[in-house]
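What follows is each chain in one-letter form.
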Amino acid sequence: MPTIDDFMKPEWIPEIVLDVGRVIRQWGETNYMPVRRQIDEDWKEHKLVKPLMKEVLVDLGLSKAFWPGEVGGTDIPNTATFATVVAEELGRLDSGFGVAVVISAGWPVLPIILRPHRNMELCHEFGPKFCGDELYTCCCAVTELQGGSDVENIDFMPGKTIRTSARLQGGDWIINGHKIWPSSSNADLFGVACSTNPGSSNEQDFAFIYVPSDAPGVTVGAPYQKAGMAADYNADIWFDNVKVPKRYRAHGPGDDAKYFREILTYGAGIGGASALGPMKNTYEIIKNWASDRFVAGKLLKEHSINAAVLAEIAISIEAASAMLYMVARQIDYPDIYGLMPWDKAMLARARAVSLFVTDAAVNVTSRAMELMGSYGYTRQYDLEKHWRDVKMTTLWMGSRQLDLIEVARYWYDIDTL
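Summarised in this report is the structure supplied together with it. (Residues numbered from 1 in each chain as written. Predicted model: local features only at pLDDT ≥ 70, side-chain atom pairs only at ≥ 80, totals over all residues. Heavy atoms only, no water.)

1. Topic: the packing of aromatic side chains
Test applied: The rule is short: rings of Phe, Tyr and Trp, with Trp giving its six-membered ring, pair when the centres are within 6.5 Å, and they are stacked under 30 degrees, edge-to-face over 60, tilted in between. Helical segments are the DSSP runs of H or I of at least four residues, strand segments are the runs of E of at least two, and each set is numbered from the N terminus. The cut-offs for exposure are 20% and 50% of the maximum accessible area for each residue type, with area from a 1.4 Å probe on protein chains only; residues under the lower value are buried, those over the upper are exposed, and the others partly exposed. Whether a charge sits over a ring comes down to the Lys NZ or Arg CZ being within 6 Å of the ring centre and within 35 degrees of the ring normal.
Per the counting criterion, the structure on display carries 19 aromatic pairs. Between tryptophan 27 and phenylalanine 97, the aromatic rings sit 6.0 Å apart at their centres with planes inclined by 15°, giving stacked as the arrangement. Taken together, the residues span a long stretch of sequence, with tryptophan 27 in helix H1 (residues 15–32) and phenylalanine 97 in helix H4 (residues 95–106) at a distance of 70 residues. A residue is classified by how much of its surface remains accessible, and tryptophan 27, at 8% relative accessible area, is buried. On the basis of an interplanar angle of 80° and a centroid distance of 5.4 Å, the ring pair of tryptophan 289 and tyrosine 381 is categorised as edge-to-face. Note that tryptophan 289 is positioned in helix H7 (residues 255–292) and tyrosine 381 in the loop between helix H10 (344–372) and helix H11 (383–393), a separation of 92 residues in sequence. Every member of this aromatic cluster is reached through a ring pair, and the members are Phe126, Phe206, Phe208, Tyr210, Tyr248 and Phe260. One Lys or Arg, arginine 293, reaches over the ring of tyrosine 375 and ends 4.9 Å from the middle of that ring. Directly above the aromatic system of tyrosine 333 lies the positively charged group of arginine 329, at a separation of 4.7 Å from the ring centroid.

2. Quick look at the pattern of salt bridges
Filter applied, for reference: The working definition used for a salt bridge is a side-chain nitrogen of Lys or Arg within 4 Å of a carboxyl oxygen of Asp or Glu.
Tallying each qualifying case throughout the model produces 32 salt bridges. Residues arginine 409 and glutamate 406 are paired through a salt bridge, measuring 3.2 Å at the closest nitrogen-oxygen approach. Taken as a pair, arginine 409 and glutamate 406 lie in helix H12 (residues 399–411) at a separation of three residues, close to a single helical turn. Accessibility classification places arginine 409 together with glutamate 406 in one group, the buried group. Salt bridges sharing partners connect three or more residues here, namely Asp40, Glu41, Asp94, Arg379, Glu384, Lys385, Arg388 and Asp389.

3. Structural notes on H10
The cut-off we apply is this: To estimate the expected span of a helix, subtract one from its residue number and multiply by 1.5 Å.
In this model H10 runs 42 Å from its N-terminal to its C-terminal C-alpha over 29 residues, within 8% of the 42 Å that 1.5 Å per residue would give. Just beyond H10, the residue with positive phi is glycine 373, at close to 65°.

4. Side note on the pairing of strand E5 (residues 206–212)
Burial of E5 is extensive: seven of the seven residues sit out of reach of the surface. The side-chain alternation of E5 yields two buried faces, one formed by Phe206, Phe208, Tyr210 and Pro212 and the other by Ala207, Ile209 and Val211.

5. Brief notes about the packing of helix H3 (residues 79–93) against helix H8 (residues 304–332)
Formally: Every axis in this analysis is a line fitted to C-alpha atoms, fitted for helices over the stretch in contact. Angles between the N-to-C directions lie between 0 and 180 degrees. In what follows, a contact means two residues having at least one pair of non-hydrogen atoms within 4.5 Å. Amino acids are sorted into nonpolar (Ala, Val, Leu, Ile, Met, Phe, Trp, Tyr, Cys and Pro), charged (Asp, Glu, Lys and Arg) and polar (every other residue, Gly among them).
At a minimum axis separation of 7 Å, H3 and H8 run at an interaxial angle of 150°. Residue-level contacts link Thr79, Ala80, Thr81, Thr84, Val85 and Glu88 of H3 to Leu324, Tyr325, Ala328, Arg329, Ile331 and Asp332 of H8. When grouped by side-chain class, the residues that make up the contact of H3 with H8 number six nonpolar, three polar and three charged.

6. Re H12
Just so we agree on the cut-off: In this context, the arc is that of the directions from the helix axis out to the C-beta atoms.
Compared with the 18 Å implied by 1.5 Å per residue over 13 residues, the 19 Å span of H12 between its first and last C-alpha is a close match. Within H12, the full set of buried residues consists of Ser399, Leu402, Asp403, Glu406, Val407 and Arg409. Viewed along the axis of H12, the buried residues span an arc of 160°, placing them on a single side of the element. Considering only its buried residues, H12 is in contact with H10. Following H12 by one or two positions, aspartate 413 has its phi on the positive side, about 55°.

7. Let's talk about a nonpolar patch on the surface
Going by this rule: The residues that make up patches have over 30% relative accessible area and no salt bridge, and they are joined within 9 Å when like-charged or within 5 Å when they are Val, Leu, Ile, Met, Phe, Trp or Tyr. Computed with the Shrake-Rupley method and a 1.4 Å probe, the accessible areas treat only the protein chains shown as cover for residues.
A surface patch of nonpolar side chains, amounting to about 390 Å² of accessible area, comprises Tyr410, Trp411 and Tyr412. Residue position: tryptophan 411 is located in helix H12.

8. Notes on unusual backbone geometry
Here the bond from arginine 115 into proline 116 is cis, since omega is 5°, no more than 30 degrees from zero. Tracing the chain through its elements places proline 116 in the loop between helix H5 (110–113) and helix H6 (120–130). Located in the positive-phi region is asparagine 241, a residue other than glycine, with phi close to 50°. Here asparagine 241 is to be found in strand E7 (residues 237–245). When its relative accessible area of 48% is taken as the criterion, asparagine 241 is described as partly exposed.

9. Concerning the nonpolar core
Definition in use: For the purposes of this section, nonpolar cores are sets of buried Ala, Val, Leu, Ile, Met, Phe, Trp, Tyr and Cys residues that join through side-chain atoms within 4.5 Å.
Grouped together as the largest cluster of nonpolar side chains are 130 residues, with contacts concentrated most on Trp67, Phe97 and Ile175. Per element, the largest residue contribution to this core is 16 residues, and it comes from H7.

10. Some words on the environment of arginine 349
Mapped onto the elements of the fold, arginine 349 is located in helix H10. For arginine 349, a relative accessible area of 22% puts it in the partly exposed group. Each C-alpha atom, one on arginine 349 and one on glycine 191, is 24 Å from the other, the two residues being 158 residues apart in sequence. Among residues more than four places away in sequence, those in contact with arginine 349 are Val327, Gln330, Leu339, Tyr410 and Trp411.

These results come straight from atomic positions and should not be treated as a statement about function.
Take a look at the structure:
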């Protein structure tokens, strides 16, 4: 009998990456599924979430994955495919938890840990903390109140609306500003998108600087209570004359903007994978439901009108899987496909797959709920959790509107958007 493991997953994925996925699956069934319905009530204090994050990031070793061996990391191969497998498996449990884990494990530090642009000085400084025995997490502090998703729209207004300023004073950066909504806002280390010349649209003035959360002048607000994704802590962050060493800048003028595009490319893929996981769990939920319920003397799935809906769900998952893993492969093999992760063409492809998969997830969970009727929105079956959560995956990094603009901008040579 087919299971979620029979949906398309390429044979070129390294066995070590698949092994990590299997370990997460086993851990999730034992440790996360029994408390999944309690996570929505844990949105404020994360009394359940934090220990579970430690189990995944520290005890299972996911925090070490991207870091070089010299600092205690495991230097996992095929980083984009690895992140996709991890985000998918965790998303099957809870997309909010999956997002929090993958971001906390290293999304903001990609510019300093990925080849060929590793910053070994910062790897030696931060790596042992991520690869140690205690939970140490990071957060990508990007969005601002006055600019919304303009910061993520890096190719049209590269840093123009950023008001978080970074001023060099002697051997230190002095940072002032206010960030809103970042995932994992309660992290230990922030990757902060700044401007060395606020109001400038020159990429040379875009700066990406790392700021420890315990630095004097950093204030993190209370978390927002959201419709879903309670395991992801979203809050305001203020920087008031925060001083960090000059070396905490990821790279420097021009390169910070360049590798920020890489962050966006990976983020789009992670967003898609975080929606694919809930789609697969939705398949499991609706398959069990349709195989147990009788209508007019026949199983629900044996009625043609219902079978058609079930087919649409399976087709959506298969298509989303194929597209998502193909883009992950393109990111991992620039020598084959001729695209670097920071190229505009690669970002457009990643945006497209994020849009396609998250939209598909919204449709799949909605169609499944229609089949289950009132039972679909009870908490007993967990479908309503995925239904709430996956809608939020369409709203990240500028939401589906920026996804559409980025894709159109690349494929149609649009200059004014």
